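What follows is each chain in one-letter form.
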Amino acid sequence: MAGTDRRTDGEVIERTRQDTRQPDLYKVLLLNDDYTTMDFVVEVLESIFNKQPAEAFRIMMAVHTQGKGLCGVYPHEVAETKVESVVTLAREHGFPLRAAMEPE
Ligand code: TYC
């Protein structure tokens, strides 16, 4: 436990600091390919990464022109689920779209 308890006679008077450890964060990236449609990538960014339409379009174009682009930063398990959701949805629609995660 983080923090120091101040005690008198073995009794806890007050906890001077909360336990505030943050989880390790991971970037989730979308990767470019030649076959996934731009419209589908925008849809993925809106539905899986909760982006507004203009931001989704901006990220999609960044991926398209630069090869990869940042979609969000999440705790490990959330990042894994996002990557999985992208791949599952893409395969259901017959697209080879890929996503990756890396430590922030
Ligand atoms: N390069 C794709 C095209 O020209 C569009 C695209 C953008 C694909 C982003 C994947 O992550 C991606 N249709």
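Residues numbered from 1 in each chain as written. Predicted model: local features only at pLDDT ≥ 70, side-chain atom pairs only at ≥ 80, totals over all residues. Heavy atoms only, no water.

**Student:** Which residues make up the packing of helix H1 (residues 38-47) against helix H2 (residues 53-66), and what values do they have?
**Tutor:** Between H1 and H2, whose axes approach to 9 Å, the crossing angle comes to 125°. In terms of orientation, H1 lies oblique with respect to H2. The element H1 and its partner H2 pack so that their crossing is right-handed. Across the interface between the two elements, Met-38, Val-41, Val-42, Leu-45 and Glu-46 of H1 pack against Pro-53, Ala-56, Phe-57, Ile-59, Met-60, Met-61 and His-64 of H2. The residue makeup of the contact of H1 with H2, split by class, is 10 nonpolar, 1 polar and 1 charged. (Axes fitted to C-alpha atoms, helices over the stretch in contact; angles between N-to-C directions. Helix = DSSP H or I, 4+ residues; strand = E, 2+ residues; numbered from the N terminus. Parallel < 35°, antiparallel > 145°, perpendicular 65-115°, else oblique. Left-handed = near helix turned anticlockwise from the far one by under 90°. Contact = heavy atoms within 4.5 Å. Nonpolar A, V, L, I, M, F, W, Y, C, P; charged D, E, K, R; others polar.)

**Student:** Tell me about the site of the ligand, and please be specific about residues and values.
**Tutor:** Neighbouring the ligand are Leu-31, Asn-32, Asp-33, Thr-36, Met-38, Val-41, Met-60, Val-63, His-64 and Leu-97. In the model, a nitrogen atom of the ligand is placed 2.8 Å from a nitrogen or oxygen of the Asn-32 side chain. Within the side chain of His-64, an N or O atom sits 2.9 Å from a nitrogen atom of the ligand. Contact with the protein chains removes 88% of the 350 Å² of surface that the ligand exposes when unbound. Where the shell around the ligand is concerned, the elements lending two or more residues are H1 and H2. With 3 residues, the top contributor of residues to the shell around the ligand is H2. When its residues are assigned to classes, the shell around the ligand shows 6 nonpolar, 3 polar and 1 charged. (Near = heavy atom within 4 Å. Polar contact = N/O pair within 3.5 Å; in protein donor to acceptor, adjacent residues only side chain to side chain. Areas by Shrake-Rupley, 256 points an atom, 1.4 Å probe, with all protein chains shown as cover.)

**Student:** Any chance you could break down the nonpolar core for me, citing the residues and the numbers?
**Tutor:** Nonpolar side chains tend toward joint burial in soluble globular proteins. With 23 residues, the main nonpolar core has Leu-30, Val-44, Leu-45, Phe-49, Val-86 and Leu-97 as its most contacted residues. Examining the composition of this core, we find that 5 residues originate from one element, H1, more than from any other. Setting aside chain neighbours within four positions, we find Val-44 in contact with Phe-49, Val-86, Leu-89 and Leu-97. (Core = buried A, V, L, I, M, F, W, Y, C linked by side-chain atoms within 4.5 Å. Buried < 20%, exposed > 50% of the residue type's maximum accessible area, 1.4 Å probe, protein only.)

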